[in-house]
Amino acid sequence: LVSEEPIYRIDLVFIKYLPEANNQEVFSKPEINLNKQLILLEEFPYPSISTESIPLNLGYQHNSLFISVSIDDDEDSKEPIQKRIDPDVPYLDEGRSLFQVDSGKEFSLIKEVSKLQRSRDYRVLGFKSWFQEIESKDKASPIFLDSGFFKGSRIFGEFNLYKQRFLHAEASLYLSEMNPSVEIEPYLIDLRSISSKDFKQNIYEEKNQQVLYHLDQSRKIKNKELHYLDHPKFGFLLSITNAKRNPVFLDND
């Protein structure tokens, strides 16, 4: 059975703020406080491509390498295209699951990413896009977000979306930096995966890192609005779009 609950596409960009000279603000060291059971975002599993070499001498006769192709120039014989996909409505591809990140798909915030990457003020640490249902606050399940390390910096933490009168987003994220002189203690959380059983994971697989800053914000969200949830040192861009489980077609007219 396929759920009839509405789904949404979430697009998110992790950003670190670079200028240091004019910022005299002092931040206390944050204490990690994450929900002990979070949903894991998984990568869409593309099939592996065989790289075996092909023998040059296949033993084919010369005339077997060609086929006859008839070309029909009669335009009237072609069947008209009845439908075309509505580009304004994202849809969940067949074979892709909720909470599954597909890095091979076009990213809706790619223009914003390109602008940020050209800026001297910001560094893009990563970006993600996934589909999910959004439930009421008492039923909503928080997600574990992790940009991974890029140029020695990482943003990670929990992210929650829920419905009241409007859609709401809550984020409790941390910025950590690689530091060879620091060896951080393991911190285990329970992750719920869409493709495997629940499991525990140490959020500090790279133990030589130091957690420096904490972002704790909530925001009311509307369809296709672009939001920036920020801290003086880092933040993220967020966009939520109404989506469909199957392609939405437009009439040919």
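Residues numbered from 1 in each chain as written. Predicted model: local features only at pLDDT ≥ 70, side-chain atom pairs only at ≥ 80, totals over all residues. Heavy atoms only, no water.

To find leftover empty space, one rolls a probe the size of a water molecule over the atoms. Estimates place the volume of the largest pocket at around 580 Å³. For the largest pocket, the lining is made up of 24 residues, of which Arg9, Pro90, Glu106, Phe107 and Ser108 are closest to its centre. Broken down by secondary-structure element, the contributors of at least two residues to the lining of the largest pocket are strand E1 (7-17), helix H1 (110-118), strand E6 (122-133) and strand E14 (234-243). Top element by residues in the lining of the largest pocket is E6. It accounts for 4 residues. Of the residues assigned to the lining of the largest pocket, the class counts are 8 nonpolar, 5 polar and 11 charged. (1 Å grid on protein atoms, 1.4 Å probe; cavity = no way out; pocket = protein on both sides within 12 Å on 5 of 7 lines; lining within 4 Å. Points joined across faces, edges and corners; volume = space filled by probe spheres on them. Helix = DSSP H or I, 4+ residues; strand = E, 2+ residues; numbered from the N terminus. Nonpolar A, V, L, I, M, F, W, Y, C, P; charged D, E, K, R; others polar.)

Scanning the entire structure with this criterion turns up 7 salt bridges. Notably, a salt bridge pairs arginine 245 with glutamate 133, separated by 2.6 Å at the nearest N-O pair. Of this pair, arginine 245 sits in the loop between E14 and strand E15 (249-251) while glutamate 133 sits in strand E6, placing them 112 residues apart in sequence. Ionic pairing is found between arginine 154 and aspartate 146, a salt bridge with its closest N-O pair at 3.0 Å. Residue class for arginine 154 comes out buried when judged on its relative accessible area of 4%. (Salt bridge = Lys/Arg side-chain N within 4 Å of Asp/Glu carboxyl O. Buried < 20%, exposed > 50% of the residue type's maximum accessible area, 1.4 Å probe, protein only.)

Pairing between the strands of a sheet comes from backbone hydrogen bonds, and it takes one of two forms, parallel or antiparallel. Pairing in this open sheet of 7 strands is mixed, and the strands run E11-E10-E2-E7-E8-E9-E12 from one edge to the other. Where the open sheet ends on each side, the last strands, each with one partner, are strand E11 (199-202) and strand E12 (209-221). Across the sheet, the mean angle separating the axes of adjacent strands is 35° when strand polarity is ignored. Two strands pair when backbone bridges link them, and strand E2 (residues 37-40) and strand E7 (residues 143-146) are joined in this way by 2 bridges, in the parallel orientation. The partner of isoleucine 39 across the bridge, within E7, is isoleucine 143. (Pairing = 2+ DSSP bridges. Axes fitted to C-alpha atoms, helices over the stretch in contact; angles between N-to-C directions.)

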